[in-house]
Amino acid sequence: MYTTASVIFKTFAEAGITHAFVNWGNDHPAFLEELERERVESGKTAIKIVTCPHEMVALSAAQGYAQVTGKPAAVIVHVDVGTQGLAGAVHNVDRGHAPVLIFAGAAPQSSDSRIKGTKNEWPMWPQDVPDQPSIIRQYMRYTAQIQSGKNAGKMVLRALQIAKSEPKGPVYLWARRETTEEEVEPSIYEESLDITKWPSVRAPGLSPTALSTIVDALLQARFPLIITGNSGRNPKTVPLLSTLSNLLAIGVYTSCPFAVCIPWSHPNYIGLSFGGKNDLLNHADTIILLDVDVPWIDSVGNKPRDDARVFVIDVDPLKTTLGWSHADAELICKADPETALSQLIDAIEGPNARGRLTTEKLSERKERLAGFRSAWVNSLEAAEKVKSVAADQSTPTVPFVLATLRQAVASQTPSKGEKVLWINESISSYPLTWSHLRPERPGSMIASGASSLGYALGAAVGAYLGAVVAKKEHDLIAAVVGDGVFLFGVPASAYWLARRYNTPFLTVVLNNGGWFSPKSSMLGVYPDGLGSRASARQLTVGFGPEMPDYSQVAAAAGGAWGRRVERADDLQSVLEEAVRVVMREKRSAVVDCILQSI
């Protein structure tokens, strides 16, 4: 017997989906029956099922999987309540451009014993809401109801086609229980859909006029600057951006980066920020905004020079889903970054541009970049040497923790730290984590791409599974999180998942005793207000003095190894042991680093 659920699973597999992260409910009998049919008849299921005790962890895992493989994963949740349980991860997969297919069942519409799948349990009445997809429609690239098993396969392929087209993102399909229980003829189930006829949309490149204008500006500029943040979501752009930068000695600056856009050690990589003042704007006379959501924040005094020529290159250059986004620009180009970078390189190496940039001007650019690079790196290295600024002179600083972590990983992994996947959700320490962990390889550090907390723990599990599928040999997967993030990540669910599916990872908790970000936001508006003198506990943003023992939460839920570190001098040995545990014992490890309290 085949049902609509049979068709859905079969289409998933044929479309290349390997994993479904699931949270089952009373809307899924047909799916559970179908999985058992597959086991009985073939000894395995068409796709691998990952049981997730919490929906946000499921969607975060699917995002991590998609980021590592470049391919969609599926998430299956339970009616309206499971859709709501996806929580802030919905925001992350939208803003993070993660191609994920979410399927939710829906309460039966009928209460008629003649209809298979009809209402037969009391929760099905309160779960029958007027407009279930409206819960998350504004975050989706596409939402649709499957109404028959006869076209369910085509509905799945349409959704995936949209999810994989730029700007990539999540899609949501749903079906009532009567529909998923609908029996279909073997001929319908066995119908073969030609996947090659459902390609994603190819993003355009630069027009000839735009290409010529931008090349001319780059050649004429005294100090050209590329500001990016997300181009590295496509790993193929990383060597292209490096090449373009080398050809013309163009500075590269990352603003609110959520992917490795250029190797940390590249000589023309001259800084990063998550807001704050960008003094490089005072120098740049030509600026390319390459796939970046927040190139600068005007209200803190950032502004390009009046004579600066600004060009925007992005698959969504107007940021059409943001309420407000604008940069004064000469040209705004809707173009794929990989294609555009290739066009710029070809044009610069072509006969029309060759020789137009004098050796003297190129040397002047390189010298200037070397000065900016040296100043930035020197400031980072100086910060790493400061073990503590606390009164006790033992509580470590964040730069010291991160430098020690980088060194511990390098000393304990076969690749000397090169084959490590970093997952960065350190929030108020975002720029420090990017700067001090020094990611080199494309895809070697990932982040949610957005601002809803709780992504990293689930993402680590999904990234591990994705790496197996993509045949990426990571020595270690390591997540750097704040203490608030750790709790948002539903750790009991995440570490249970890691043990269940043998996906061990290292977690380093930067524990400042609460939520620093809301306190920082308050100080940004009221720097000398009454709250500026209040304690974290008084402001209701502190977790102390009786803070949770984060490592032991992971130990209880998933058998993780854990330690709390309060002294800078103890960090190296504890971090090295944690890395060894993950690599040799194949279990997760959590190091809770106590920092100066907010």
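Described below are features of the structure shown in this document. Quick caveat: nothing in here was measured; it's all calculated off a predicted structure.

Calculation criteria
Residues numbered from 1 in each chain as written. Predicted model: local features only at pLDDT ≥ 70, side-chain atom pairs only at ≥ 80, totals over all residues. Heavy atoms only, no water. Patch = residues over 30% accessible without salt bridge, like charges linked within 9 Å, V, L, I, M, F, W, Y side chains within 5 Å. Areas by Shrake-Rupley, 256 points an atom, 1.4 Å probe, with all protein chains shown as cover. Salt bridge = Lys/Arg side-chain N within 4 Å of Asp/Glu carboxyl O. Helix = DSSP H or I, 4+ residues; strand = E, 2+ residues; numbered from the N terminus. Polar contact = N/O pair within 3.5 Å; in protein donor to acceptor, adjacent residues only side chain to side chain. Contact = heavy atoms within 4.5 Å. Buried < 20%, exposed > 50% of the residue type's maximum accessible area, 1.4 Å probe, protein only. Phe/Tyr/Trp six-rings, centres within 6.5 Å; stacked < 30°, edge-to-face > 60°. Lys NZ or Arg CZ within 6 Å of the ring centre and 35° of its normal. Pairing = 2+ DSSP bridges. Expected span 1.5 Å × (residues − 1). Arc of directions from axis to C-beta. Axes fitted to C-alpha atoms, helices over the stretch in contact; angles between N-to-C directions. Left-handed = near helix turned anticlockwise from the far one by under 90°. Nonpolar A, V, L, I, M, F, W, Y, C, P; charged D, E, K, R; others polar.

Taken together, Val-294, Ile-297 and Val-300 make up a surface patch of nonpolar side chains, about 190 Å² in accessible area. Within the element layout of this structure, Val-300 appears in the loop between β12 (286–290) and β13 (309–314).

Let's shift gears to the side chain of Arg-37. You can see Arg-37 is positioned in helix α2 (residues 29–42). At a separation of 2.7 Å, a polar atom in the side chain of Arg-37 contacts the side chain of Glu-41. Separated by 3.3 Å, the side chains of Arg-37 and Tyr-189 make a polar contact. In contact with Arg-37, not counting residues within four places along its chain, are Met-1, Tyr-2 and Tyr-189.

Further remarks concern the pattern of salt bridges. In total, this model carries 29 salt bridges according to the counting rule given. Across the salt bridge formed by Arg-141 and Asp-94, the nearest N and O atoms sit 2.8 Å from each other. With Arg-141 in the loop between β5 (100–106) and β6 (142–145) and Asp-94 in helix α5 (residues 89–95), the pair connects residues that are 47 residues apart, well separated along the chain. You can call Arg-141 partly exposed: its relative accessible area is 25%. Among the salt bridges present, the one from Glu-183 reaches Lys-116, with a minimum N-O distance of 3.3 Å. You can see Glu-183 sitting in strand β8 (residues 183–184) and its partner Lys-116 sitting in the loop between β5 and β6, a full 67 residues away along the chain.

Before going further, it helps to spend a moment on the packing of aromatic side chains. The final tally for this structure, using the stated rule, is 17 aromatic pairs. Here Trp-264 and Trp-376 contribute two aromatic rings whose centre-to-centre distance is 6.1 Å and whose plane-to-plane angle is 45°, an arrangement assigned as tilted. One end of the pair, Trp-264, is in the loop between β10 (251–255) and β11 (269–273); the other, Trp-376, is in helix α12 (residues 359–384), with 112 residues separating them in the sequence. Neither Trp-264 nor Trp-376 differs from the other in exposure class; each is buried. Centroid distance Trp-515 to Phe-543: 5.5 Å. Interplanar angle 80°. Geometry classified as edge-to-face. Within this pair, whereas Trp-515 is found in the loop between β18 (506–511) and α18 (516–525), its partner Phe-543 is found in the loop between α18 and α19 (550–558), the two being separated by 28 residues in sequence. Each residue in the set Phe-9, Phe-12, Trp-24, Phe-31 and Phe-103 is aromatic and connected to the rest through ring pairs, giving one cluster. Taking the ring centre of Tyr-189 as reference, the NZ or CZ of Lys-10 above it sits at 5.6 Å. When the ring centre of Trp-264 is taken as origin, the NZ or CZ atom of Arg-373, which lies over that ring, is 4.6 Å away.

Another point: the sheet that holds strand β17 (residues 476–482). Within a sheet, each strand pairs with its neighbour through backbone hydrogen bonds, oriented either parallel or antiparallel. The strand order across the open sheet formed by 6 strands is β16-β15-β17-β18-β20-β19, and the pairing between neighbours is parallel. In this open sheet, the two edge strands, each paired with only one partner strand, are β16 (445–446) and β19 (561–565). Here β19 runs beside strand β20 (residues 589–594); their pairing, made up of 5 bridges, is parallel. Its bridge partner lying in β20, Gly-562 is registered against Val-590.

All right, on to helix α11 (residues 337–349) then. For α11, spanning 13 residues, the distance from its first C-alpha to its last is 18 Å, which sits close to the expected 18 Å at 1.5 Å a residue. Every buried residue of α11 is listed here: Pro-337, Ala-340, Leu-341, Leu-344, Ile-345 and Ile-348. What you see down the axis of α11 is that its buried residues fit within an arc of 135°, all on one side. As for α11, its buried residues are in contact with α9 (208–220), α10 (237–248), β12 and β13.

Running from amino to carboxyl end, helix α3 (residues 55–69) crosses helix α15 (residues 456–470) at an angle of 35°, the nearest separation of the two axes being 6 Å. α15 is crossed by α3, and the crossing has right-handed handedness. Residues Val-57, Ser-60, Ala-61, Gly-64, Tyr-65, Val-68 and Thr-69 of α3 pack against Gly-458, Ala-459, Gly-462, Ala-463, Leu-465, Gly-466, Ala-467, Val-469 and Ala-470 of α15. Each residue belonging to the contact of α3 with α15 can be placed in one class, and the counts come to 10 nonpolar, 6 polar and no charged.

Before going further, it helps to examine unusual backbone geometry. The general pattern is negative phi for most residues beyond glycine and trans for most peptide bonds. The omega torsion across Glu-166 and Pro-167 is -5°, close enough to zero to call that bond cis. Along the chain, the position of Pro-167 falls in the loop between α6 (152–163) and β7 (171–176). Cis geometry marks the peptide bond from Gly-544 to Pro-545, where omega comes out at 0°. With respect to the helices, strands and loops of the structure, Pro-545 is situated in the loop between α18 and α19. We note that Lys-471 has phi near 60°; this positive angle belongs to a residue other than glycine. As for its position among the elements, Lys-471 is in the loop between α15 and β17. Given a relative accessible area of 72%, Lys-471 falls into the exposed group. Positive phi, normally seen in glycine, also occurs at Thr-540, with a value near 65°. Positionally, Thr-540 belongs in the loop between α18 and α19. What makes Thr-540 exposed here is its relative accessible area of 62%.

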